[in-house]
Amino acid sequence: MLTPRGAILLGASLALIVLGLLRTDGILITLGASGYILLAGAWVLIRLNLKRLSLSLRAPTRIYADHPFDLRVLLHNNRSLLDAFSIKINLRLAEQVDIHTFAPWTAARSISEVRLRGSIPGRSSLLEHDYTLETSMPLGLLHMKASGMITHEILVFPRPLTPKELSTRGALHDASLLPGTTPGQAPGELRGIRPWQPGDPAKHIHWPASARSLSRGRGLRVRENDPPGFYPRHCTVLFHSFGMSGQLIRADRFEWALSLACGTLRYLREHGIPTVFLADFNEWQPLSVVSRSGFGNLLVSLTRACRRNDTEAHDLAPVIEHVPEDHSLVILSDMPTEAWAENLPDRPALLIDIRQHRYGAKKLQVHE
């Protein structure tokens, strides 16, 4: 493809040849022919400049959406003699992020490396990524492209979002097993008063009762409290896409619901609660969230999930009825709760409302 500079040279060469023929001037004809020879030489060199070039990636294969990671783009010059100059690299990563970078010089049998840092906004499961190499060398007379595919699997897990219901409806932070999350030694509910024992903090001493006890020749008395909170021993998280007719189906809400499911399951795992995940897009096959490998398989399942459009209330009822009685039940959906809550069996459950957080596409940024 001719650049503006190449088009000017082509037009000028043609004009010189025509003018030389009209005037029978050999110098003009020679100058015009030289322009064509220069264009032909540039065409040969620009093809050689793109020949036997390839691209590869060095990036993590498992990442969370919208989480920054380091990426290295490598341009391989597989030629034995000719170096590569002024190569523009356009990479379409995970069909979401466009990366534009530049390799000014790549020696023969060598590699040019570009280090980038960025993030992928949405979940993805792709093995191949498109790229295009462009150059205008030499002299900027012609512009040529070469396309290819990079084989590098990148699984982008849904961005984990912790539902607000886990912190406002029964999840007591004072019972958290995570380091640094307990806001203080909350007293909990008062159970009774008992004799002081070595190791009891002074602030737990019940002074009125201690005064009465000391007057009788006995020791101090302290308050004994119930634990400030508790977590369930087992939990089942159920995900479905059922909603009453007339409700608007939105693809962005399904993505958001997967993020809430991911955040819920990670929250429960971090707190040491054995959890089972059931979802209509998995044909209600139970997935355990106890071990690290099990949680990894669950993330892969969420990444490759496709919305089910045929889930009905009669499909949900037997699944909920088969959840063990000693399991706490958490239910998520990409539909508003009023569109399905009344059609479920009468069983205590924590319902996660999809209409939380502000959903919107973020601008993509890749930093070199």
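These figures come from a predicted structure and were not determined experimentally. (Residues numbered from 1 in each chain as written. Predicted model: local features only at pLDDT ≥ 70, side-chain atom pairs only at ≥ 80, totals over all residues. Heavy atoms only, no water.)

A. How the structure looks around the overall build of the protein. A count of helices and strands for the protein gives seven helices and 16 strands. The proportion of buried residues among the 368 residues of the protein is 42%. Pairs at least 24 apart in sequence give 69% of the contacts found in the protein among residues at least 6 apart. Split by element, the accessible area of the protein, about 20,600 Å² in all, is 56% carbon and sulfur. (Helix = DSSP H or I, 4+ residues; strand = E, 2+ residues; numbered from the N terminus. Buried < 20%, exposed > 50% of the residue type's maximum accessible area, 1.4 Å probe, protein only. Contact = heavy atoms within 4.5 Å. Areas by Shrake-Rupley, 256 points an atom, 1.4 Å probe, with all protein chains shown as cover.)

B. Seen up close, the sheet that holds strand S12 (residues 275-279). Reading across from one edge, S13-S12-S11-S14-S15 is the order of the five strands in this open sheet, with mixed pairing throughout. Looking at which strands have only one partner, the edges of the open sheet turn out to be strand S13 (287-288) and strand S15 (350-351). Sheet topology note: the strand S14 (residues 328-333)/S15 ladder contains two bridges and is parallel. Bridge pairing in S15 links Ile331 to Leu351. Against the sheet, helix H7 (residues 313-321) touches strand S11 (235-240), S12 and S14, its axis set at about 175 degrees to S11. (Pairing = 2+ DSSP bridges. Axes fitted to C-alpha atoms, helices over the stretch in contact; angles between N-to-C directions.)

C. Representation of the packing of aromatic side chains. Applying the stated criterion across every chain, the model contains five aromatic pairs. Ring centres 5.7 Å apart and planes at 70 degrees place the aromatic pair Tyr64 and Phe157 in the edge-to-face group. Taken together, the residues span a long stretch of sequence, with Tyr64 in strand S2 (residues 62-64) and Phe157 in strand S8 (residues 144-157) at a distance of 93 residues. Note on Phe157: relative accessible area 7%, which makes it buried. Taken together, a centroid distance of 5.4 Å and an interplanar angle of 65 degrees make the contact between Phe239 and Phe281 edge-to-face. With Phe239 in strand S11 and Phe281 in the loop between S12 and S13, the pair connects residues that are 42 residues apart, well separated along the chain. Taken together, the ring pairs connect Phe239, Phe254, Phe277 and Phe281 into an aromatic cluster. Note that Arg266 overlies the ring of Tyr64, its terminal NZ or CZ placed 5.5 Å from the centroid. (Phe/Tyr/Trp six-rings, centres within 6.5 Å; stacked < 30°, edge-to-face > 60°. Lys NZ or Arg CZ within 6 Å of the ring centre and 35° of its normal.)

D. The arrangement of helix H2 (residues 26-50) in detail. Taking 1.5 Å of rise per residue, the 25 residues of H2 would be expected to cover 36 Å, and the 36 Å separating its terminal C-alpha atoms lies within 8% of that figure. Every buried residue of H2 is listed here: Leu28, Gly32, Gly35, Leu39, Ala42, Ile46, Asn49 and Leu50. Structurally, H2 contributes buried residues whose contacts are with helix H1 (4-23), strand S1 (53-58), strand S4 (84-93), strand S7 (124-135) and S8. Arg52 sits one or two residues past H2 and shows a positive phi near 60 degrees. (Expected span 1.5 Å × (residues − 1).)

E. Structural detail: the confidence of the model for the protein. With 89% of its residues at a pLDDT of 70 or more, the protein has an overall mean of 87. Long-range and interchain partners of residues 171-175, a stretch whose pLDDT sits below 50, account for 20 contacts in this model, where long-range means more than four residues apart. Counted against residues more than four places away or in other chains, residues 359-365, with its pLDDT under 50, gives ten contacts. (pLDDT = per-residue confidence, 0-100.)

F. Spotlight on the side chain of Ser210. Mapped onto the fold, Ser210 is located in helix H4 (residues 207-215). Non-local contacts of Ser210, meaning those with residues more than four positions away in its chain, are made with Ile205, Gly219, Leu220 and Arg221.

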